[in-house]
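# A closer look at the structure
If you want the building blocks of each chain, they are given just below.
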Amino acid sequence: MFAKIVILGFALLELSNVLALYFFPGSKQANAVGVFSAWEKSRQFPEIHDFVQYLVYWVAGAKLIFIFLLVGIALFGDLNLQRMSLIALALATLSFYWRLFPLIRKMDQNGQITPRNYSKTLGVMIFSLILLFLIAAFMSL
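All of the points below concern the structure found in this document. Computed from a predicted model, the values in this text were never measured in an experiment.

With that settled, consider helix 6 (residues 118-139). Its 22 residues place the ends of helix 6 31 Å apart at the C-alpha level, agreeing with the 32 Å of an ideal helix rising 1.5 Å per residue. Of all the positions in helix 6, only Tyr118, Ser119, Leu122, Gly123, Ile126, Leu129, Ile130, Phe133, Ala136 and Ala137 are classed as buried. The buried residues of helix 6 all sit within an arc of 160° when viewed along its axis, so they share a single face. Away from its buried face by more than 90 degrees, helix 6 exposes Lys120, Thr121, Val124 and Met139. Buried residues along helix 6 sit in contact with helix 1 (2-23), helix 4 (79-94) and helix 5 (100-109).

Within the fold, Lys63 resides in helix 3 (residues 46-76). Residue Lys63 is classed as buried on the basis of its relative accessible area of 16%. At 2.4 Å, the side chain of Lys63 forms a polar contact with the side chain of Glu14. A polar contact of 3.0 Å, which involves the side chain of Lys63, links it to the side chain of Asn17. Leaving out residues up to four positions away in the same chain, Lys63 has contacts with Glu14, Asn17, Val18 and Leu21.

In this section: a nonpolar patch on the surface. Taken together, the side chains of Met1, Phe2, Ile5, Phe127, Leu131, Leu132, Ile135 and Met139 make up a nonpolar region of the molecular surface, amounting to roughly 800 Å² of accessible area. Breaking the nonpolar patch down by element, the ones donating at least two residues are helix 1 and helix 6. Relative to the assigned elements, Ile5 resides in helix 1.

Scoring rules and cut-offs
Residues numbered from 1 in each chain as written. Predicted model: local features only at pLDDT ≥ 70, side-chain atom pairs only at ≥ 80, totals over all residues. Heavy atoms only, no water. Helix = DSSP H or I, 4+ residues; strand = E, 2+ residues; numbered from the N terminus. Expected span 1.5 Å × (residues − 1). Buried < 20%, exposed > 50% of the residue type's maximum accessible area, 1.4 Å probe, protein only. Arc of directions from axis to C-beta. Contact = heavy atoms within 4.5 Å. Polar contact = N/O pair within 3.5 Å; in protein donor to acceptor, adjacent residues only side chain to side chain. Patch = residues over 30% accessible without salt bridge, like charges linked within 9 Å, V, L, I, M, F, W, Y side chains within 5 Å. Areas by Shrake-Rupley, 256 points an atom, 1.4 Å probe, with all protein chains shown as cover. Salt bridge = Lys/Arg side-chain N within 4 Å of Asp/Glu carboxyl O.

Structure representation (structure tokens):
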């Protein structure tokens, strides 16, 4: 049951992110892109801003795919599938530290993100999610 709660809770968290990306991309809440100063700067160049918006919407659409998959797994998958999904989520989420974290940390250090030290907050939050996924997976053994 804990595995199902964690999966559905994460799906809700990601849904808030999708809604922010589609309807309020400039927001600084729900992991939208308003924290990046480049978001507002891109508005000065419509061609670049259109491309940035396309990428933001593409990310939101990709997130929707896995949200629906996670909800299906939580509602209709057996405990073993839920456990394997949590391990897969943990491993996939680790990729954040490979490419995204170094880049956001660099932008943070260069003053391109508001609030300052957002990269550290995000890094801790992502690490906490990974731990939660693993705890839920192994508690359901």
